[in-house]
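Now for the letters of each chain:
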Amino acid sequence: MATSKKLSATLAGAPVTIHGDGTQTRDFTYVGTVCHVLIDALFRRVVDPRPVNLAFGSRISLLGLIPEIETATGCRAWRENGYDRTGDVHHSQADSTRVQTLFPVVTPVPIQEGIAATVHWFRAVTATMTSS
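As the structure is a prediction and not an experimental result, all values here were calculated from the model. (Residues numbered from 1 in each chain as written. Predicted model: local features only at pLDDT ≥ 70, side-chain atom pairs only at ≥ 80, totals over all residues. Heavy atoms only, no water.)

**Considerations on unusual backbone geometry**
Argument step 1. The backbone of arginine 45 sits at a positive phi, close to 55°, despite the residue not being glycine.
Argument step 2. With respect to the helices and strands, arginine 45 occurs in the loop between α2 (31-44) and β3 (60-61). (Helix = DSSP H or I, 4+ residues; strand = E, 2+ residues; numbered from the N terminus.)

This is the structure we're talking about:
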């Protein structure tokens, strides 16, 4: 389950499915950081013939992500255990060498700040939709 699904489920009081034991790690990148990289690439005309992974070499377990979401939302996440997903990579952490070489001025947003900003955005969008 992607971070946005975990956030929206927590805000809605719906179950947050944890596949497997939850110790799997992922290297999350805040969407604002991705936008910063894309804008920087356009303005500086950065090109590279190879794909560039827009992750910065940090990782957090799925079980570690849930308390961060709870802190940012002020809501308890109702965990639901799910099956192990076939072919799921247990640990994922990007090598950030290329992205940092191509975009040295881009600083990744820490996970806590990214989640807090995403929660703020979710709430603003929800408020706008319900007031229409």
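**Here we look at the side chain of threonine 10**
Argument step 1. Positionally, threonine 10 belongs in helix α1 (residues 3-12).
Argument step 2. The class for threonine 10 is buried, based on a relative accessible area of 2%.
Argument step 3. One polar contact links the side chain of threonine 10 to the main-chain carbonyl oxygen of lysine 6, over a distance of 2.8 Å.
Argument step 4. Not counting residues within four places of it along the chain, the set of residues in contact with threonine 10 comprises Val16, Ile69, Thr73, Cys75, Arg76 and Ala77. (Buried < 20%, exposed > 50% of the residue type's maximum accessible area, 1.4 Å probe, protein only. Polar contact = N/O pair within 3.5 Å; in protein donor to acceptor, adjacent residues only side chain to side chain. Contact = heavy atoms within 4.5 Å.)

**Focus on the pairing of strand β1 (residues 15-19)**
Along any regular strand the residues' side chains alternate between the sheet's two faces.
Argument step 1. Buried residues dominate β1, accounting for four of its five residues.
Argument step 2. Across five bridges, the pairing between β1 and strand β4 (residues 78-82) is parallel. Paired with valine 16 across the two strands is arginine 79, which belongs to β4. (Pairing = 2+ DSSP bridges.)

**As for α1**
Argument step 1. Burial in α1 covers these residues: Thr3, Lys6, Leu7, Ala9 and Thr10. All buried residues of α1 fall inside an arc of 165° around its axis, so they share one side. Across α1 from its buried face, at more than 90 degrees, point the exposed residues Lys5 and Ala12.
Argument step 2. Where α1 is buried, its residues meet β1, α3 (62-73) and α5 (111-131).
Argument step 3. Note on α1: the residue one or two positions beyond its end, glycine 13, has a positive phi of about 75°. (Arc of directions from axis to C-beta.)

**A few points about the pattern of salt bridges**
Argument step 1. Applying the stated criterion to the full structure yields five salt bridges.
Argument step 2. The closest approach of N and O atoms between aspartate 48 and arginine 98, which form a salt bridge, is 2.8 Å. Of this pair, aspartate 48 sits in the loop between α2 and β3 while arginine 98 sits in helix α4 (residues 97-102), placing them 50 residues apart in sequence.
Argument step 3. When its relative accessible area of 25% is taken as the criterion, aspartate 48 is described as partly exposed. (Salt bridge = Lys/Arg side-chain N within 4 Å of Asp/Glu carboxyl O.)

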